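Next come the chains, spelled out residue by residue.
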Amino acid sequence: MVMVMASVIQLGRRIHMHLSAAGALLTQGSAGPVSEELPSPQPLHTPAGVAMIDPALSTPSLVQEIYGYLPLLTDILAWRSSSRFTRSIGQSIAAQRFTRIIHPFVGNHAAELRYLMYTWGAVITGSCALQMLTGGDDAPNNLNIVCPSGSFDVLQGFILDSLSYRRVDAVTRSNYAFRAVARAFAKYRRGPLRITLCEAISDDIFDVITSSPTTGDMLIMTPGSVVAFYPEWTLNGVAVLNHVVTSRIPGKNVGCIENVQYIVWESTTFLQQPCRDFCPALWRNIADSKGCTLVLEWDKRYPIRPAMARSNTAWRIAEHCANPLCPYNPLTNARLARLPPFLPVSDQLTASEQEARLLDHYPSYVKCYTGMLYASAASTPLLVPVPLRDGVTQLKHINELEVLHWVDCLGDNRFNADMARTRKTFNVIANTSSPACGYGYTFFREHPALYPPPNALIWDITSDLMSRNNVIGNVLVVKHAAGDKHNVIDLTLQDIETINSVIRQ
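Residues numbered from 1 in each chain as written. Predicted model: local features only at pLDDT ≥ 70, side-chain atom pairs only at ≥ 80, totals over all residues. Heavy atoms only, no water.

Here we take up helix 6 (residues 93-106). Relative to the 20 Å expected for 14 residues at 1.5 Å per residue, helix 6 spans 20 Å between its end C-alpha atoms, a close match to the ideal helical length. Most pronounced at Arg100, the bend in helix 6 amounts to some 25°, and the proline Pro104 follows within four residues. Inspection of helix 6 places Ile93, Ala94, Arg97, Phe98, Ile101, Ile102, Phe105 and Val106 among the buried residues, and these make up the whole buried set. Taken from the residues just after helix 6, Gly107 is the one with a positive phi, measuring 60°. (Helix = DSSP H or I, 4+ residues; strand = E, 2+ residues; numbered from the N terminus. Expected span 1.5 Å × (residues − 1). Bend = angle between axes of the 7 residues up to and from the residue. Buried < 20%, exposed > 50% of the residue type's maximum accessible area, 1.4 Å probe, protein only.)

On to the side chain of Asn416, then. Its location among the elements puts Asn416 in strand 15 (residues 416-418). A polar atom in the side chain of Asn416 sits 2.5 Å from the side chain of Thr210. Aside from chain neighbours lying at most four places away, what touches Asn416 is Val181, Phe206, Asp207, Thr210, Ser211, Trp283, Thr313, Ala314 and Trp315. (Polar contact = N/O pair within 3.5 Å; in protein donor to acceptor, adjacent residues only side chain to side chain. Contact = heavy atoms within 4.5 Å.)

The next thing to look at is the confidence of the model for the protein chain. Low-pLDDT stretches of the model should not have their predicted coordinates read in fine detail. When pLDDT is averaged across the protein chain, the result is 85; 83% of the residues are at 70 or more. Across residues 1-5, where pLDDT falls below 50, the model places two contacts with residues more than four positions away in sequence or in other chains. Overall, residues 21-52 carries pLDDT values under 50, and its contacts beyond four positions in sequence, including any with other chains, amount to 53 contacts. (pLDDT = per-residue confidence, 0-100.)

Summed over all chains, the structure comprises 10 aromatic pairs. Between the aromatic rings of Tyr230 and Trp233, the centroid separation amounts to 5.6 Å while the plane-to-plane angle is 10°, which identifies the pairing as stacked. The exposure class of Tyr230 is buried, given its relative accessible area of 4%. The class for Trp233 is buried, based on a relative accessible area of 0%. Among the aromatic residues, ring-to-ring pairing joins Tyr230, Trp233, Trp265, Phe270 and Phe278 into one connected group. The residue whose ring lies beneath Arg284 is Tyr230, and the NZ or CZ to ring-centre distance is 4.6 Å. Above the plane of the ring of Tyr439 lies Lys479, whose end atom (NZ or CZ) is 4.0 Å from the centre. (Phe/Tyr/Trp six-rings, centres within 6.5 Å; stacked < 30°, edge-to-face > 60°. Lys NZ or Arg CZ within 6 Å of the ring centre and 35° of its normal.)

Quick look at the nonpolar core now. Among the nonpolar cores identified, the biggest contains 47 residues, and Tyr374, Leu401, Trp406, Leu476, Val477 and Ile499 are the most heavily contacted of them. Elements represented by at least two residues in this core include exactly helix 13 (348-360), strand 13 (368-374), strand 14 (382-387), strand 17 (439-445), helix 14 (456-462), strand 18 (475-481) and helix 15 (496-504). The contacts of Ile499, once residues within four sequence positions are left out, are Met372, Tyr374, Tyr441, Phe443, Val477 and Leu491. Among the nonpolar cores identified, the runner-up in size contains 46 residues, and Phe152, Phe158, Leu163 and Leu241 belong to it. (Core = buried A, V, L, I, M, F, W, Y, C linked by side-chain atoms within 4.5 Å.)

Attention now moves to the state of the cysteines. Enumeration according to the criterion identifies zero disulfides in this entry. The cysteine Cys279 is free of any disulfide, with Cys326 supplying the nearest cysteine sulfur at 3.7 Å. (Disulfide = S-S within 2.5 Å.)

This paragraph deals with helix 15. Buried residues of helix 15: Ile496, Thr498, Ile499, Asn500, Val502 and Ile503, and no others. On the buried face of helix 15, the contacting elements are strand 13, strand 16 (423-427), strand 17, helix 14 and strand 18.

Let us now look at the environment of Gln131. As for its position among the elements, Gln131 is in helix 8 (residues 127-134). Here the alpha-carbon distance between Gln131 and Arg97, two residues 34 residues apart in the chain, equals 9.1 Å. Filtering out sequence-adjacent residues up to four positions away, Gln131 remains in contact with Arg97, Ile101, Gly136, Asp137, Asp138, Ala139 and Pro140.

Across all of its chains, the model carries eight salt bridges by this definition. For Asp495, the salt bridge goes to Lys479, with nearest N and O atoms at 3.1 Å. You can see Asp495 sitting in the loop between strand 19 (484-489) and helix 15 and its partner Lys479 sitting in strand 18, a full 16 residues away along the chain. With a relative accessible area of 8%, Lys479 lands in the buried category. (Salt bridge = Lys/Arg side-chain N within 4 Å of Asp/Glu carboxyl O.)

Turning to the packing of helix 6 against helix 7 (residues 110-120), a few remarks are in order. Packed helices, taken two at a time, are described by their axes: the angle between them and the distance between them. Two elements in contact, helix 6 and helix 7, have axes whose closest approach is 10 Å; the angle formed by their N-to-C orientations is 105°. Classed by the angle they form, the pair helix 6 and helix 7 counts as roughly perpendicular. Of helix 7, the residues touching helix 6 (which contributes Ala95, Phe98, Thr99, Ile102 and Val106) are Ala110, Leu113 and Arg114. Of the residues in the contact of helix 6 with helix 7, the class split is six nonpolar, one polar and one charged. (Axes fitted to C-alpha atoms, helices over the stretch in contact; angles between N-to-C directions. Parallel < 35°, antiparallel > 145°, perpendicular 65-115°, else oblique. Nonpolar A, V, L, I, M, F, W, Y, C, P; charged D, E, K, R; others polar.)

In structure tokens:
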């Protein structure tokens with residue numbers, strides 16, 4: 001018996017090494033090792049190769065034993081998918097970990113919490129989500145729930161009535177990092193346990209997640225999935241400060257800033273190499289976050305990918321990169337275009353100057369589409385180049401267009417944007433002989449919080465139809481296939497009358 005257990009232990013350690021390499025390589029395309037001290041990943045073995053390490057892996061008791069040596073969720077799911085023996089036994093392993101984490105907070109109400117999270121689109125973040133990803137025996141004493149707008153009262157009723165927590169009346173505001181994106185916040189206590197409930201200002205909870213104080217806090221879980229937006233750093237105990245946090249306020253910090261197990265950097269200078277996809281100044285989209293995001297789903301009944309695909313949240317963690325080796329550092333690269341432009345575009349002259357800055361931008365934009373700009377003081381619509389955002393090589397989502405050259409849709413939040421708030425799409429219904437047949441147009445407008453001036457050009461187009469000019473700031477129009485706004489097509493002067501007719505209507 002002793003020899004068998006020793007064999008299991010050795011086998012488990014070997015598999016742990018192989019699967020940890022698999023977990024590390026799940027973030028391929030990232031910025032590489034976070035420091036020189038971190039070991040390089042071992043070669044990745046295929047699931048079939050892992051299953052062939054030892055014939056004993058078809059023995060249920062041995063398979064079960066090996067799961068105990070796999071703390072990382074990435075390893076558990078890779079091991080589960082390696083053979084039919086590991087799959088059948090491991091089907092409930094991740095679900096059991098989820099239940100074990102939330103049980104101290106909800107007791108026998110775990111099924112009810114799952115139901116409410118699924119029904120209302122709520123997620124868990126913070127230390128509980130981190131433990132779901134990394135494992136470990138530490139028991140979190142804080143359960144952090146983020147819910148969409150309109151679901152706060154339902155979840156609060158569950159916490160107060162079913163779970164018998166009491167509300168901490170002294171705490172009525174969220175941490176300062178979330179105040180621009182949170183509608184309501186409350187903290188509840190029952191003995192040493194605490195639950196926090198944060199209601200997003202919109203239906204998109206990712207506005208809250210991407211406003212977290214550090215990259216290590218940008219982590220969520222549902223009853224069947226985990227998402228880490230900076231997995232390589234997070235799994236190695238490294239976090240970068242999100243510049244929504246203007247300074248570290250003693251006693252008012254949350255998350256990884258207060259976690260002694262994390263090294264929190266204010267910039268990416270620690271990389272000692274170019275940032276590439278992890279550059280803090282590059283915009284990322286929830287709907288298409290490239291290879292940087294780790295999405296793990298262990299229960300298809302509670303998926304997270306559909307919610308991510310619907311999200312219109314875009315974020316960055318700094319306006320400018322401070323890494324001296326990164327081409328997006330303005331101190332070492334004078335050809336970076338300032339966005340939004342320091343002098344806003346308003347007419348033909350300023351539009352021409354902005355186009356020159358756009359074309360001189362370095363690193364050069366991979367591709368530019370042709371859009372139509374209705375500048376607020378222009379006398380006629382202007383054809384302008386609309387590039388892909390820095391770091392984007394192929395358009396997969398309309399949010400990847402860099403519209404900030406022409407319209408400032410950010411408002412007073414320069415790090416987090418709901419891109420759908422300032423755009424509207426119209427699919428043109430026309431006869432088959434019309435040049436507009438089969439196309440749609442998306443209009444990008446400036447954020448109202450900036451109080452831009454009224455658009456005189458649109459007023460001229462619609463003056464006989466409107467009692468007052470209620471269109472403010474610039475308007476940028478892009479053309480795309482009807483019903484598919486992500487399939488962008490170049491505009492031409494022949495589109496002006498169609499666009500004008502949409503504006504009049």
